[in-house]
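Listed here are the chains, written in short residue letters.
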Amino acid sequence: MIRSKIFISIASILAKQSLLVDLLMKASFDIIIVGAGTAGCLAAYAAAKEGLGKIALVDRKAKNQIGSKICGDGIGIKHIEFLESLGYPLRENGAVRNVIQMAHIISPDTKTDFSIPIQGQLAIIDRHKFGQILLNETINEHITLYDKSTLNSIERKGNVVEAKFTTNQAEPLILSAPLIIDGSGFNSKIREDFGIFDEYAKVKDDEQYYCYREICTLEGKVPEKYSDSAIFEFSYDITKGGYMWFFNRGGNEYNMGTGIPKTWIKDISPKKIFQVNMINRFQSSKTLNFGGGFVPTRHPIPTHVKDNIILIGDAGAIVNPLHGGGLGASLASGYIAGKIAAKVVPDQTVSEEDLWIYNQKVLEKYCLRYSILDFYRILLQNIPDAELNRALAEGYLPMDKIFYAREYEQLMQLSRKLGQIWTQLPNHRFNLLPNYIEKINQMTADYPTSPEGINSWQKDYSQIYSEYQSKIAIKK
Ligand SMILES: Cc1cc2nc3c(=O)[nH]c(=O)nc-3n(C[C@H](O)[C@H](O)[C@H](O)COP(=O)(O)OP(=O)(O)OC[C@H]3O[C@@H](n4cnc5c(N)ncnc54)[C@H](O)[C@@H]3O)c2cc1C
């Protein structure tokens, strides 16, 4: 009798505990944001400020590790100012390490140096501090953070999406919401693995760079050029169209690294490039932090939305294909997505068609320009150094102007002007470009106004890049 009473009470305690675990591990929200990086934080912030009440922000990292990422740490000062205007106290808390005065874009033979007095337009940040400030200020907006939780699967159930996350508990965390915003970065499972987005959204090996970078101090005498500068050295022979960067973090601290297309990583190691071609230039150095990472560098994926889903930041491959900079675009795309979420979720209008507005806004802000810049990326991946030296020296590839043509119209105008020279050159890489750039200009103007029409559009759009690539490819 006593035994069975004890058994019943233990059983009821266990049942209550499992009910509690169930309650803790299951919840419904207005939106679920996967990834608390720059894109995810801004999406959460914008959605909260626009009035959404129940926001889940989920990251696989532990809370105090969120924000640390292998990165060049360079970001336009205008983005810092924008974040500060929203209330993120960045500079006052030491998130900006340095403000750069000069940029140099240097030819492989080092004879051409485009020196650009950028006078404080580029900030070099402390990536971890920056990420932690974004995170902590964001979750102050009554946002529920689930850390140490990795997205594993999603399933549509009626008009909500159920997302399952692996945690350090035996039970998965199950969250549901009408809208899921994916800010999980380059390795987004939603973009690549779940069969929701098709082949045109996949990032191919030549459309991503593997980078190795170190944060280090340079001891002894350092040539003047490296102080308060951001230096980019492009080359085919060394980096296969990628580049080596040297960013001054203030004083004698540097963020230096290099990236090569993934297609080459079996043959070449970026770490070796770093050791042989970069760090050896200096008398002595001390490594403070090192590591590698991938960055997408391709023309924009044709659509960033599906029913109940929006891709932001690296998850949507919204990165400048020419230099791999994606911090600014991740902030902006997250912010746009958060604002849209606040409009569509209360109305329960979360179909692909309802969310199409996001594609249009992101296209206008970034992707038009990136669609042209991708031709320059393909060109750089397929131009031997002797030719690149000539193009830079003779000025028919003015990398400084291309880098700093910040508006689509400006870039298109520049490309057209250069096109007049390119067609005169005895070189098919350049001869072909004007025609392909015009084709893409026309295609982006004809971007579908709704999901209807995207299937044929994306096929033609992608064909233009693969045609140019196959005609000029050095490595078949
Ligand atoms: C070596 C290198 C150098 C770079 N240098 C620069 C530079 O100088 N300037 C610049 O502008 N850009 C640079 N970039 C690109 C820039 O870092 C990215 O574009 C930017 O960080 C993208 O932000 P994001 O929020 O989209 O993704 P991320 O910052 O990658 O954030 C994604 C978040 O999602 C989480 N996550 C991932 N998977 C899951 C999952 N399954 N479940 C839950 N959470 C998940 C991650 O933990 C992370 O917190 C560089 C990139 C690399 C690799």
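Here is what the cut-offs are and how they apply
Residues numbered from 1 in each chain as written. Predicted model: local features only at pLDDT ≥ 70, side-chain atom pairs only at ≥ 80, totals over all residues. Heavy atoms only, no water. Domains from an automatic or database assignment. Buried area = accessible area lost by both parts, 1.4 Å probe. Salt bridge = Lys/Arg side-chain N within 4 Å of Asp/Glu carboxyl O. Polar contact = N/O pair within 3.5 Å; in protein donor to acceptor, adjacent residues only side chain to side chain. Near = heavy atom within 4 Å. Areas by Shrake-Rupley, 256 points an atom, 1.4 Å probe, with all protein chains shown as cover. Helix = DSSP H or I, 4+ residues; strand = E, 2+ residues; numbered from the N terminus. Nonpolar A, V, L, I, M, F, W, Y, C, P; charged D, E, K, R; others polar. Disulfide = S-S within 2.5 Å. Axes fitted to C-alpha atoms, helices over the stretch in contact; angles between N-to-C directions. Parallel < 35°, antiparallel > 145°, perpendicular 65-115°, else oblique. Left-handed = near helix turned anticlockwise from the far one by under 90°. Contact = heavy atoms within 4.5 Å. Expected span 1.5 Å × (residues − 1). Bend = angle between axes of the 7 residues up to and from the residue. Buried < 20%, exposed > 50% of the residue type's maximum accessible area, 1.4 Å probe, protein only. Phe/Tyr/Trp six-rings, centres within 6.5 Å; stacked < 30°, edge-to-face > 60°. Lys NZ or Arg CZ within 6 Å of the ring centre and 35° of its normal. Pairing = 2+ DSSP bridges. Arc of directions from axis to C-beta. 1 Å grid on protein atoms, 1.4 Å probe; cavity = no way out; pocket = protein on both sides within 12 Å on 5 of 7 lines; lining within 4 Å. Points joined across faces, edges and corners; volume = space filled by probe spheres on them.

Novice: A description of the domain arrangement of the protein chain should follow, citing residues and the corresponding values.
Specialist: As far as domains go, the protein chain holds domain 1 (26–69 + 132–203 + 303–350), domain 2 (92–125 + 205–296) and domain 3 (366–472). The straight-line distance from the C-alpha centre of domain 1 to that of domain 2 is 30 Å. Surface buried jointly by domain 1 and domain 2 totals about 950 Å² across both partners, of which 66% is contributed by carbon and sulfur atoms. Of all residues in domain 1, the largest losses of buried area upon contact with domain 2 belong to Ile 133, Phe 186 and Val 203, amounting jointly to 49% of the total for that side. Our count for the domain 1 to domain 2 interface comes out at zero salt bridges. At the surface where domain 1 touches domain 2, the tally comes to two residue pairs in polar contact (both at pLDDT 80 or more).

Novice: Which residues make up the site of the ligand, and what values do they have?
Specialist: For the ligand, the set of nearby residues contains 35 residues, the closest of which are Asp 59, Gly 72, Gly 74, Leu 151 and Asp 314. In the environment of the ligand, a nitrogen atom lies 3.0 Å from a nitrogen or oxygen atom belonging to the backbone of Gly 326. Starting from 1,000 Å² of accessible surface for the ligand in isolation, the protein chains cover 92%. Put simply, the parts of the chain that give the shell around the ligand at least two residues each are helix 2 (38–49), strand 8 (150–157), strand 16 (284–296) and helix 7 (327–347). With three residues, strand 16 is the largest single contributor of residues to the shell around the ligand. Split by residue class, the shell around the ligand holds twelve nonpolar, 16 polar and seven charged. Domain assignment of the residues forming the shell around the ligand places at least three in each of domain 1 (26–69 + 132–203 + 303–350) and domain 2 (92–125 + 205–296).

Novice: Before we move on, could you go through the state of the cysteines and cite the residues and values that matter?
Specialist: This structure, assessed with the given rule, holds zero disulfides. Sulfur of Cys 41: no disulfide; nearest cysteine sulfur belongs to Cys 71 and is 15 Å away.

Novice: Explain the packing of helix 13 (residues 433–445) against helix 14 (residues 454–472) residue by residue, including any values.
Specialist: One can describe the packing of helix 13 onto helix 14 by two numbers: an axis separation of 11 Å at closest approach and a directional angle of 165°. Looking at the two axes, helix 13 sits roughly antiparallel to helix 14. Regarding helix 13 and helix 14, the two cross each other, and that crossing is left-handed. Across from Leu 433, Tyr 436, Lys 439, Ile 440, Met 443 and Thr 444 in helix 13, the residues of helix 14 making contact are Trp 457, Asp 460, Tyr 461, Ile 464, Tyr 465, Glu 467, Tyr 468 and Lys 471. Taken together, the residues of the contact of helix 13 with helix 14 break down into nine nonpolar, one polar and four charged.

Novice: Let's hear about helix 8 (residues 352–380): which residues, and what values?
Specialist: The end-to-end C-alpha distance of helix 8, which contains 29 residues, comes to just 36 Å, noticeably less than the 42 Å that a straight helix rising 1.5 Å per residue would cover. At Leu 363, helix 8 shows its strongest bend, of approximately 60°. Helix 8 sits mainly inside the fold: 22 of its 29 residues count as buried.

Novice: For the packing of aromatic side chains, give the residues involved together with the corresponding values.
Specialist: Following the criterion strictly, the structure yields 30 aromatic pairs and no others. Arranged with centres 4.8 Å apart and planes meeting at 20°, the rings of Phe 375 and Tyr 465 form a pair that is stacked. Taken together, the residues Phe 375 in helix 8 and Tyr 465 in helix 14 connect sequence positions 90 residues apart. Tyr 465 shares its class with Phe 375; the two are buried. With a centroid separation of 5.2 Å and 80° between ring planes, the pair formed by Tyr 396 and Phe 430 is classed as edge-to-face. Here the residue Tyr 396 occupies a position in the loop between helix 9 (385–394) and helix 10 (399–403), and Phe 430 occupies one in helix 12 (residues 428–431), the gap between them amounting to 34 residues. Phe 430 carries the same exposure label as Tyr 396, and that label is buried. By the ring-pair criterion, three or more aromatic residues cluster together here, those being Trp 356, Phe 375, Tyr 436, Tyr 447, Trp 457, Tyr 461, Tyr 465 and Tyr 468. Of note, Lys 240 hangs over the ring of Trp 264, and the distance from its end group to the ring centre comes to 4.5 Å. One cation-aromatic arrangement involves Lys 262 over Phe 294; the distance from NZ or CZ to the ring centre is 5.6 Å.

Novice: Outline the pairing of strand 8, supporting the account with residue identities and numerical values.
Specialist: Bridge analysis of strand 8 against strand 9 (residues 160–166) gives seven bridges, and the strand direction is antiparallel. Along strand 9, the bridge assignment pairs Thr 150 with Thr 166. Between the end of strand 8 and the start of strand 9, which pair antiparallel, lie two residues, with Gly 158 showing a positive phi angle near 65°.

Novice: Which residues make up helix 11 (residues 408–422), and what values do they have?
Specialist: Here helix 11 is 15 residues long and its end C-alpha atoms lie 20 Å apart, about the 21 Å a rise of 1.5 Å per residue gives. Listed in full, the buried residues belonging to helix 11 are Tyr 408, Leu 411, Met 412, Leu 414, Ser 415, Leu 418, Gly 419 and Trp 422. The arc enclosing the buried residues of helix 11, seen along the axis, measures out at 165°, which places them on a common side. Facing away from the buried surface of helix 11 by more than 90 degrees, the exposed residues are Glu 409, Gln 413, Lys 417 and Gln 420. Buried positions along helix 11 lie against helix 8, helix 10, helix 12 and helix 13.

Novice: Any chance you could break down empty space enclosed by the protein for me, citing the residues and the numbers?
Specialist: Taken as a whole and assessed by the stated rule, the structure comprises two cavities of 30 Å³ or more. Roughly 60 Å³ of volume is contained in the largest cavity. Among the elements that take part in the lining of the largest cavity, helix 14 stands out by supplying three residues, more than any other. Counted by class, the lining of the largest cavity contains six nonpolar, three polar and two charged residues. Split by domain, the lining of the largest cavity shows at least three residues from each of two domains, domain 1 (26–69 + 132–203 + 303–350) and domain 3 (366–472). Around the second largest cavity, the lining residues are Pro 300, Ile 301, Pro 302, Leu 363, Cys 367, Ser 371, Thr 444, Tyr 447, Trp 457 and Tyr 461.

Novice: Residue-level account of the side chain of Ser 229, with values.
Specialist: Residue placement: Ser 229 occurs in strand 13 (residues 229–234). Those residues within four positions of Ser 229 in sequence are excluded, and the remaining contacts are Ile 100, Met 102, His 104, Phe 246, Phe 247 and Asn 248.

Novice: Pulling in residues and values, what's your account of unusual backbone geometry?
Specialist: Although it is not a glycine, Thr 110 sits at a positive phi angle of roughly 65°. At Gln 119, a position not held by glycine, the phi torsion is positive, near 40°.

Novice: Break down the pattern of salt bridges for me, with residues and values.
Specialist: In the structure shown here, the tally under the stated rule is 17 salt bridges. For Asp 73, the salt bridge is made with Arg 249, and the minimal N-O distance between the two is 3.7 Å. In this pair, Asp 73 is assigned in the loop between strand 3 (55–58) and strand 4 (74–76) and Arg 249 in the loop between strand 14 (243–248) and strand 15 (253–261), connecting sequence segments 176 residues apart. The partner of Glu 192 in a salt bridge is Arg 191, with the nearest N and O atoms 3.0 Å apart. The exposure class of Arg 191 is buried, given its relative accessible area of 1%. Look at the salt bridges and you will find they share partners, linking Asp 73, Arg 97, Arg 249 and Glu 253 into a network.

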